[in-house]
Amino acid sequence: MLIANRGEIALRVIRACREVGVATVAVYSDADRGALHVLHADEAYRLGPAPAAESYLRGDLILDVARRTGADAIHPGYGFLSENAEFAEACAAAGVTFIGPPASAMRVLGSKTRARQAADAAGMPRVPGSVTGLADVAEAVRVAAGIGYPVMLKAAAGGGGKGMRAVSRAEDLAAAFTAASSEAERSFGSGEVYLEKLVERPRHIEIQLMADEHGSCVYLGERECSVQRRHQKVIEEAPSAVVGEDLRQRMGEAAVRLALSAGYVNAGTVEFLVDDKENFYFLEMNTRLQVEHPVTEMVTGLDLVHLQLRVAMGEPLPLTQKDVRLRGHAIECRIYAEDPENHFFPSPGLITRLIQPSGPGIREDCAVYEGWNVPLDYDPMLSKLVAFGETREQAIDRMLRALDEYVIGGIKTNIGLFRRILMDEDFRAARIDTGYLERLLAEPDAPVEEDVPEDVVALAAALFAASARRETAAVADLSEESRWAVAGRREGLRL
Amino acid sequence: MLIANRGEIALRVIRACREVGVATVAVYSDADRGALHVLHADEAYRLGPAPAAESYLRGDLILDVARRTGADAIHPGYGFLSENAEFAEACAAAGVTFIGPPASAMRVLGSKTRARQAADAAGMPRVPGSVTGLADVAEAVRVAAGIGYPVMLKAAAGGGGKGMRAVSRAEDLAAAFTAASSEAERSFGSGEVYLEKLVERPRHIEIQLMADEHGSCVYLGERECSVQRRHQKVIEEAPSAVVGEDLRQRMGEAAVRLALSAGYVNAGTVEFLVDDKENFYFLEMNTRLQVEHPVTEMVTGLDLVHLQLRVAMGEPLPLTQKDVRLRGHAIECRIYAEDPENHFFPSPGLITRLIQPSGPGIREDCAVYEGWNVPLDYDPMLSKLVAFGETREQAIDRMLRALDEYVIGGIKTNIGLFRRILMDEDFRAARIDTGYLERLLAEPDAPVEEDVPEDVVALAAALFAASARRETAAVADLSEESRWAVAGRREGLRL
Amino acid sequence: MGCGGAAGGVASVTVWLEVEGEKRRVELPTEIGGRVECSVDGRPVVADVRVLQAGVMSLLIDGRQYRCVLDGDGVVIGGRRFGFEVTDPRSLQGRRGAGAGTDGPRPVKAPMPGRMVRVLAEVGDEVEEGQALLVIEAMKMQNELKSPKTGRVARIAVAVGDAVGSGDVLVVVE
Amino acid sequence: MGCGGAAGGVASVTVWLEVEGEKRRVELPTEIGGRVECSVDGRPVVADVRVLQAGVMSLLIDGRQYRCVLDGDGVVIGGRRFGFEVTDPRSLQGRRGAGAGTDGPRPVKAPMPGRMVRVLAEVGDEVEEGQALLVIEAMKMQNELKSPKTGRVARIAVAVGDAVGSGDVLVVVE
């Protein structure tokens, strides 16, 4: 098995392969020779320089490695080539199993506008609006008038909030259309834009699917991902606090219908907006394993990557819908190298200290270590911290406990932000929607109850400072092992 | 809450307290000032010198700390004072809640002979034999003749295999009686010995109970702990591969009857021997939280320490028997500082390197860290590594994956032994009984398939050696942080 | 940092710090480990000090336990990070007062390591305070860097495609 | 360990080792990092070497990846520990041949740190090979230490209650 990815997801797939006795081939860029996914693989091959376009996005080089090593399958992870239908086809042509849906299903469900047509055909509710891309401003004005303001313009090929504009008045539509279209063109190489009614204070709730090649498809409950910043998920949980058994079944069955209609196979996620009246609207489908899949694993007891591997080998799903039993509550925090106190600037660099939480109910999918130099070339995610509890409250409190244990030194992280969210009254009461976090961040950060006396801080700082000075002169008589240790650090961790 | 223990269980309880917002008071001996349970507590107080008799067994000192800090409850963990009825009474007299059963229930169920009487009264099957201690050899001969050989002599106050003797012929009984009785006298201060029929190739299977003050008691499934060395559990799992729904219910209900009959409250475990015909025999009851409780937590989704705290505060159990749903399979390995290749000699000392496993399905309850000096004064357990899987096979394979990731440098550990057991055909087929591990260890260790070429080992060793030498001269121009780091190491981790 | 005799004849070290913007003076004995008698701004503090790992320390003060972790120029206690700086009292006057105000040339520094993806001004341009001068990219995020004052671009030290380190001076506005 | 010129004019270092009882000779270039050309007992090996942390190294050889972790006098690869010792060829002859055989005085060393709980012999006692001489306790476990040969107890270096370190000589039998 070749893992065409990096970071925590590459390591997560490598671990799953090891558990089922499958040998693993890692690939890496120049920035990642010392990455954990390389350290845990059986074989590893260089792709190219650090930029993704010259390494992890080079499907041709990756297939070369697969041929050279005799790998008979490729797991794409998420991001990079995971939703690239051409790459899936190239794998098929090379006789290598692509762990994911067939290229045909990816094509149907990967484009937002084509997926909306498929959703309509599958009788799935969606937000009123245009099904196809808008030809021009005039069509936009017509469609908007039909469904009523406020509306949202979105890039057909989009993602990550790029090419999106909310419009609340007809007179603003023309300018917004032009801006969204040109941003979409710049970001995705396609200026195609569509329009739909703006759902107010929507929750982002998604259904995890798993389908086999034999026409069987199950839904594995939902995840709520309403805590977002700039349309990027920050906290995910399963189940959603507002989804009952009935709504879950209706959303799940709608998602399964869509997948079956497109001949979908393997893991996939159907994203919905849910309003405060339990109406749900199709948003899009992600034709891959998602970042937040662990919360589903915690509440279902299943391992989605193991299931992916079995399905990819042509096995039937080992469970039916009624075998899927949810239990407890799980929350995931995406630990990023970014500075919440300074405009969320990314913070790559050397991790000088890493103290990781563990114990009951805690899972960490992490791909960094003390001494790792977080490269500036990729996504800033360092780790996914997941807490399980019998109830949502217990999961939240457990996560807070784990965050208190966590120390990542040398770079800035968003750990403090999670502490703030998890202690926020609205979050704890599950009064969240996709605008929740931006509203919270607009408020002044209420000063945390001061439980570390100033004198203790001063004393600790002085002790550290004094010790550093005191030992300056005393470094000569080190033991062999210490010398080795020091040398490793001093040399930027190279011999 | 005062935690009257050390090591992983103290940390585990501290974490649970933090999760429910309860402030924690740790106590420590001189050997443990730098222990993790101290580092995670809100307050910490010294008890005395390293030997347990002068620190963790000093109930008077512990109650002093409780009074001084205003702690209103004490969690005893396992071992030390956890099954000491006098200490439980002293707590009650001091107005401090003891997190465990009332002293009266502890007295009834703590003595093996008294517990056997209670078991008889509760109509629980037990191995045929004497209910009370044997007066003399003559009585032993009489009882043994009645039930038939082979028989087992056991210390009434015993545990850990001390004071036990298997006897297969009448002519050996007198000598064995004398030996067992004197060993029991030496070990437990009481020479009382009883006798029961020897169950051949029994499995050790136990039922986890949780009872509240309001007369409600549930069983939380079983654990199988048949993999033992010298009567010490080495691997535990839940559920047992040989316990079906019917047997589980019968054992569970018998255990609940016993607990209710003795007015039992809080967490407890009823241990059984199970023969190959699904007959189960009462063995003893542990009136405390057990080392292996995490496997039950993994398959029930419950947190036993949270439940302990709620029950101790007088709350009713938040669940009934039909709410207890088992899912998946969990395995625990007790990672010990001992050398399996050298008579299992204990291996205390400095941990110079610690690389811990993590990721999907892995939980670690660990109380050591890189730089910790494992004291020679206590139990050699370093960590409990727990793996969860959808099936027993997946849990085993996941554990093997995690063991491969685990590196503990500086001291010897039994990690390699687990690898051997988990790859053993009999273990994987669940053909285990309490004699299984001793039989496995009596066999020569089949050479592991050699997948690290000798030249690679030599090269790695040479690279490490050469680097250590090369950097000797280059230590002078260290950065401030490195100097600090080095100083910490060189000084045995003291300023 | 100075060294001298403290009360009671025990040799001591004085550490001057700025912690979260506050100036502090801490007196420590020269021998540290176990029970130590210190003072912070003259207030006596008795602490039991134990280093667990390099940069990880447990402090026990009046029974309270504090896990203290060194993180570069900060210390993490109870999940919060407190920045600190060791100051030398002799040079303190000189450092004070600099940096504030809008007079004189002002640098635009890289707030993070990254690559320059756009340079929006040229040397000699008149720019407004808050006007975007550069766009830097790291970890798939682009960030605009703005002019710290109204003035004239005196120097541009980078070009599109350059890799820059945190704190590098990219532009000077005068 | 020696230093000299290797083939191709690149300076090299020679490391003599004993790995799991086997003598090995490894030639390394003096500059290590990235791709290095080495030889083991004369066989050429090309490896891509990367140190991740002090004592943790990734080796790539013919595409195979090995995680190597230094553990005192051993290296852990693929979950197995291989003991090694750096040997100096000039002193090797002297070391060989010592230690074996039953002639001469033989020490009983502590196999682990612990406390002496029983001393079962006295100086001058005639003892059999395998006879228990001492009982040492650590971590709640007691272990008997036995005589390595039949002979006479020449020296007892410990008393009940003493703490001993791993490798300490406790008794000498001659």
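- Per an unreviewed UniProt entry, the recorded name for chain C is Acetyl/propionyl-CoA carboxylase alpha subunit, and the organism is Tunturiibacter gelidiferens.

- For chain A, an unreviewed UniProt entry supplies the name Acetyl-CoA carboxylase biotin carboxylase subunit and the organism Tunturiibacter gelidiferens.

## Overview of the overall build of chain C
Part 1: Check the secondary structure of chain C and you find one helix and 17 strands.
Part 2: A separation of at least 24 residues holds for 39% of the contacts in chain C among residues at least 6 apart in sequence.
Part 3: About 8400 Å² of surface is accessible on chain C, with carbon and sulfur atoms providing 47% of the total.

## Here's the deal with the side chain of B:Glu206
Residue and element names in this part refer to chain B.
Part 1: As for its position among the elements, glutamate 206 is in strand 9 (residues 203-211).
Part 2: Within the structure, the side chain of glutamate 206 is placed 3.1 Å from the side chain of histidine 204, a separation counted as a polar contact.
Part 3: For glutamate 206, the side chain forms a polar contact with the side chain of arginine 223, separated by 2.7 Å.
Part 4: Those residues in contact with glutamate 206, other than ones at most four positions away along the chain, are Gly221, Glu222, Arg223, Cys225, Lys233, Thr269, Val270, Glu271, Phe272, Gln290 and Glu292.

## A few points about the interface of chain A and chain D
Interfaces are often sized by the amount of accessible area the parts lose when they come together.
Part 1: Contacts between the two partners involve 20 residues from chain A, matched on the other side by 23 residues from chain D.
Part 2: Interface of chain A and chain D: buried area, both sides summed, is about 2000 Å²; carbon and sulfur atoms make up 55% of it.
Part 3: At the junction of chain A with chain D, the criterion picks out two salt bridges.
Part 4: Elements with a minimum of two residues in the side of chain A that touches chain D: helix 2 (36-39), strand 3 (43-48) and helix 17 (480-490) of chain A.

## Notes on the packing of aromatic side chains
Part 1: Summed over all chains, the structure comprises 12 aromatic pairs over all chains.
Part 2: On the basis of an interplanar angle of 85° and a centroid distance of 6.5 Å, the ring pair of A:Phe80 and A:Tyr378 is categorised as edge-to-face. Taken together, the residues span a long stretch of sequence, with A:Phe80 in the loop between strand 4 (73-75) and helix 4 (85-93) and A:Tyr378 in the loop between strand 20 (373-374) and strand 21 (381-389) at a distance of 298 residues.
Part 3: A centroid spacing of 5.3 Å and a plane angle of 90° characterise the contact between B:Phe272 and B:Phe280, whose relative ring orientation is edge-to-face. Accessibility classification places B:Phe272 together with B:Phe280 in one group, the buried group.
Part 4: Among the aromatic residues, those joined into a ring-pair cluster are A:Tyr56, A:Phe80 and A:Tyr378.
Part 5: Above the face of the B:Tyr28 ring, B:Arg33 is positioned so that its terminal group lies 5.9 Å from the ring centre.

## Comments concerning the pairing of strand 13 (residues 132-138) of chain C
Residue and element names in this part refer to chain C.
Part 1: Most of strand 13 is tucked away: six of the seven residues are buried.
Part 2: The pairing of strand 11 (residues 114-119) with strand 13 spans four bridges and is antiparallel. Its bridge partner being in strand 13, arginine 115 is matched across the sheet by glutamate 137.
Part 3: Inspection of the sheet shows strand 13 paired to strand 14 (residues 141-146) by six bridges, in the antiparallel sense. When the sheet's bridge partners are listed, alanine 138 is paired in strand 14 with methionine 141.
Part 4: The turn joining strand 13 and strand 14, which pair antiparallel and follow one another in sequence, is formed by two residues; a positive phi near 50° is taken by methionine 139.

## With respect to the packing of helix 3 (residues 59-69) of chain A against helix 4 of chain A
Residue and element names in this part refer to chain A.
Part 1: The contact between helix 3 and helix 4 brings their axes to 11 Å, and the two run at 25°. Compared by their axis directions, helix 3 and helix 4 come out roughly parallel. Regarding helix 3 and helix 4, the two cross each other, and that crossing is right-handed. Across the interface between the two elements, Gly59, Ile62 and Leu63 of helix 3 pack against Phe87, Ala90 and Cys91 of helix 4.

## Focus on the side chain of A:Asp42
Part 1: Locating A:Asp42 in the fold gives a position in the loop between helix 2 and strand 3.
Part 2: Within polar-contact distance, the side chain of A:Asp42 engages the backbone nitrogen of A:Thr24 at 3.0 Å.
Part 3: If sequence neighbours within four positions are ignored, A:Asp42 has contacts with A:Arg18, A:Val22, A:Ala23, A:Thr24, D:Gly63, D:Arg64 and D:Gln65.

## Thoughts on empty space enclosed by the protein
Part 1: Enumeration over the complete set of coordinates arrives at eight cavities of 30 Å³ or more.
Part 2: Estimated volume of the largest cavity: approximately 450 Å³.
Part 3: Lining the largest cavity are 30 residues, with A:Met298, A:Phe388, B:Met298, B:Gly361 and B:Phe388 sitting closest to its centre.
Part 4: Mapped by element, the contributors of at least two residues to the lining of the largest cavity are helix 10 (293-300), strand 19 (362-366) and helix 12 (392-405) of chain A together with helix 10 (293-300), strand 19 (362-366), strand 21 (381-389) and helix 12 (392-405) of chain B.
Part 5: Among the residues making up the lining of the largest cavity, the classes are represented as 10 nonpolar, eight polar and 12 charged.

Basis of the calculations
Residues numbered from 1 in each chain as written. Chains lettered and ligands numbered in written order. Predicted model: local features only at pLDDT ≥ 70, side-chain atom pairs only at ≥ 80, totals over all residues. Heavy atoms only, no water. Helix = DSSP H or I, 4+ residues; strand = E, 2+ residues; numbered from the N terminus. Contact = heavy atoms within 4.5 Å. Areas by Shrake-Rupley, 256 points an atom, 1.4 Å probe, with all protein chains shown as cover. Polar contact = N/O pair within 3.5 Å; in protein donor to acceptor, adjacent residues only side chain to side chain. Buried area = accessible area lost by both parts, 1.4 Å probe. Salt bridge = Lys/Arg side-chain N within 4 Å of Asp/Glu carboxyl O. Phe/Tyr/Trp six-rings, centres within 6.5 Å; stacked < 30°, edge-to-face > 60°. Buried < 20%, exposed > 50% of the residue type's maximum accessible area, 1.4 Å probe, protein only. Lys NZ or Arg CZ within 6 Å of the ring centre and 35° of its normal. Pairing = 2+ DSSP bridges. Axes fitted to C-alpha atoms, helices over the stretch in contact; angles between N-to-C directions. Parallel < 35°, antiparallel > 145°, perpendicular 65-115°, else oblique. Left-handed = near helix turned anticlockwise from the far one by under 90°. 1 Å grid on protein atoms, 1.4 Å probe; cavity = no way out; pocket = protein on both sides within 12 Å on 5 of 7 lines; lining within 4 Å. Points joined across faces, edges and corners; volume = space filled by probe spheres on them. Nonpolar A, V, L, I, M, F, W, Y, C, P; charged D, E, K, R; others polar.

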